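What follows is the residue order along each chain.
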Amino acid sequence: MNETEKLLEGNKNFVNGTPKAENKCLKTLQRLANGQNPRAIILTCSDSRVVPEIIFDAGIGELFVIRTAGATIGENVIESIEFAYDEMKIPLLVILGHDNCGVVTYAANHPDGSEHFHDIISQVHKILDCETLCYNELAKKHTLNITEIIKKNSKILKQAIDENKLEVISAHFHFDTGLVTILNNK
Ligand SMILES: [Zn+2]
């Protein structure tokens, strides 16, 4: 089972109400006190309903998680991903969007901008169009766009992808079912 399959298997446990993650205790933390070896980097939204360790049924030390409002990016976010890959050789990066994302909805409702939140909503504005009226579909487009920007703007990650050392996937978290599905990157 590769790392992506393992994550989706963990998500199945969450959906089925049969979580199996054991590494949630102080003993795990003490065992890892001198070093971590996470199996995936997750960039996702700060939304309180999107908690990677819970929805992927993972414990302490398994996921290197970066969360920002709307899973938006900036230099520090890209460097955080690069740091995770370069320092820990984590083989999988997941960019995870979700249903009913507040940032996506806010950006769609303020197409001409707003007094606040310029940086995060402008990232959603780049994929706004008149045809995509459903917020959840917009969220998926946004996730795919963020994935492309990360791949394009990071020399370290680009090289890792070219050398097949890093897999990058876009995914979407559905609130009605709890399922995480993989989005197709073009
Ligand atoms: Zn969100």
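Quick look at the structure, then. Starting from 1, residues in each chain are numbered consecutively following that chain's sequence as written. Only residues with pLDDT of at least 70 are given local features in this predicted model, and only at 80 or more are side-chain atom pairs given and counted; all residues enter the totals for whole chains, interfaces and linings.

**Things to note about the sheet that holds strand E4 (residues 167-173)**
Paired strands, as defined in this entry, are two strands with at least two bridges between them according to DSSP. For the purposes of this entry, the term helix denotes a DSSP run of H or I that reaches at least four residues, the term strand denotes a run of E that reaches at least two, and both are numbered from the N terminus. In spatial order, the strands read E2-E1-E3-E4-E5; together these five strands make up an open sheet with mixed pairing. The open sheet has two edge strands with one neighbour each: strand E2 (63-68) and strand E5 (180-183). Going from strand to strand, the sheet's axes swing by 30° on average, the running direction of each strand aside. Across six bridges, strand E1 (residues 40-45) lies against E2 in parallel orientation. Across the sheet, the residue bridging to Thr44 is Arg67, located in E2. Sheet strands in contact with helix H1 (residues 3-15) are E1, strand E3 (92-98), E4 and E5, and its direction is about 40° off that of E3. For helices, the axis comes from a line fit to the C-alpha atoms of the stretch in contact; other axes are also lines fit to C-alpha atoms, and the angle between any two N-to-C directions lies between 0 and 180 degrees. Whether two residues are in contact is decided by their C-beta atoms, placed from the backbone, lying within 7 Å.

**Things to note about the packing of helix H4 (residues 75-88) against helix H8 (residues 155-162)**
Angle between the axes and distance between the axes are the two parameters that describe a pair of packed helices. Contact geometry of H4 with H8 gives a least axis separation of 9 Å together with a crossing angle of 45°. Considering their axes alone, H4 and H8 lie oblique with respect to each other. Crossing of H4 over H8 shows left-handed handedness. Contact residues: Ile81, Glu82, Tyr85 and Asp86 in H4; Ile156, Leu157 and Ala160 in H8. The residue inventory of the contact of H4 with H8, partitioned by class, reads five nonpolar, no polar and two charged. The labels follow the angle: roughly parallel below 35 degrees, roughly antiparallel above 145, roughly perpendicular from 65 to 115, and oblique for the rest. Rotating anticlockwise by less than a right angle from the far helix to the near helix defines a left-handed crossing, while the corresponding clockwise rotation defines a right-handed one. Charged residues are taken to be Asp, Glu, Lys and Arg, nonpolar residues to be Ala, Val, Leu, Ile, Met, Phe, Trp, Tyr, Cys and Pro, and polar residues to be all remaining types, Gly included.

**A closer look at the nonpolar core**
Only buried residues count toward a nonpolar core: Ala, Val, Leu, Ile, Met, Phe, Trp, Tyr and Cys, linked into one set through C-beta atoms within 7 Å. Partly exposed residues are those falling between the two cut-offs: more than 12 but fewer than 20 other C-beta atoms within 10 Å of their own, whereas 20 or more means buried and 12 or fewer means exposed, with C-beta atoms placed from the backbone. Counting 43 residues, the largest nonpolar core has Ile41, Ile81 and Val94 as its most contacted members. Setting aside anything within four residues of it in sequence, one finds Val94 in contact with Leu7, Ala40, Ile42, Ile169 and Ala171.

**Thoughts on the packing of helix H5 (residues 102-109) against helix H6 (residues 118-125)**
It is at 9 Å that the axes of H5 and H6 come closest, and there the two elements cross at 80°. The angle between H5 and H6 falls in the class roughly perpendicular. Of H6, the residues touching H5 (which contributes Val103, Val104, Tyr106 and Ala107) are Ile120, Ile121, Val124 and His125. Of the residues that constitute the contact of H5 with H6, the class distribution is seven nonpolar, one polar and no charged.

**Re H5**
By the burial criterion, the buried members of H5 are Val103, Val104, Ala107 and Ala108. An end-on view of H5 places all buried positions within 130° of arc, on one side of the element. Packed against the buried residues of H5 are H6 and helix H7 (135-153). To obtain the arc, one takes the directions from the helix axis to the C-beta atoms.

**Thoughts on the environment of Val50**
Inspection of the secondary structure puts Val50 in the loop between E1 and helix H3 (52-55). Given 21 C-beta atoms within 10 Å, Val50 falls into the buried group. In sequence terms Val50 and Leu96 are 46 residues apart; their C-alpha atoms lie 9.1 Å from each other. The residues touching Val50, leaving out its near neighbours within four places in the chain, are Thr44, Cys45, His98 and Phe173.

**Comments concerning unusual backbone geometry**
Note on backbone geometry: most residues besides glycine have negative phi, and most peptide bonds are trans. Of note in the backbone geometry, Asn100 takes a positive phi value of approximately 55° without being a glycine. Mapped onto the elements of the fold, Asn100 is located in the loop between E3 and H5. Asn100 gets classed as exposed once you count the C-beta atoms within 10 Å, which come to 12.

**Digging into the pairing of E5**
Sheet analysis places E4 next to E5, joined by four bridges and oriented antiparallel. Its bridge partner being in E5, Ser170 is matched across the sheet by Leu183.

**So, the environment of Thr4**
With respect to the helices and strands, Thr4 occurs in helix H1. Under the C-beta neighbour-count criterion, Thr4 is labelled partly exposed, with 16 such atoms within 10 Å. In the structure, Thr4 is positioned 141 residues away from Asn145 in sequence and 20 Å away in space, judged by C-alpha atoms. Leaving out residues up to four positions away in the same chain, Thr4 has contacts with Leu92, Glu167 and Ile169.

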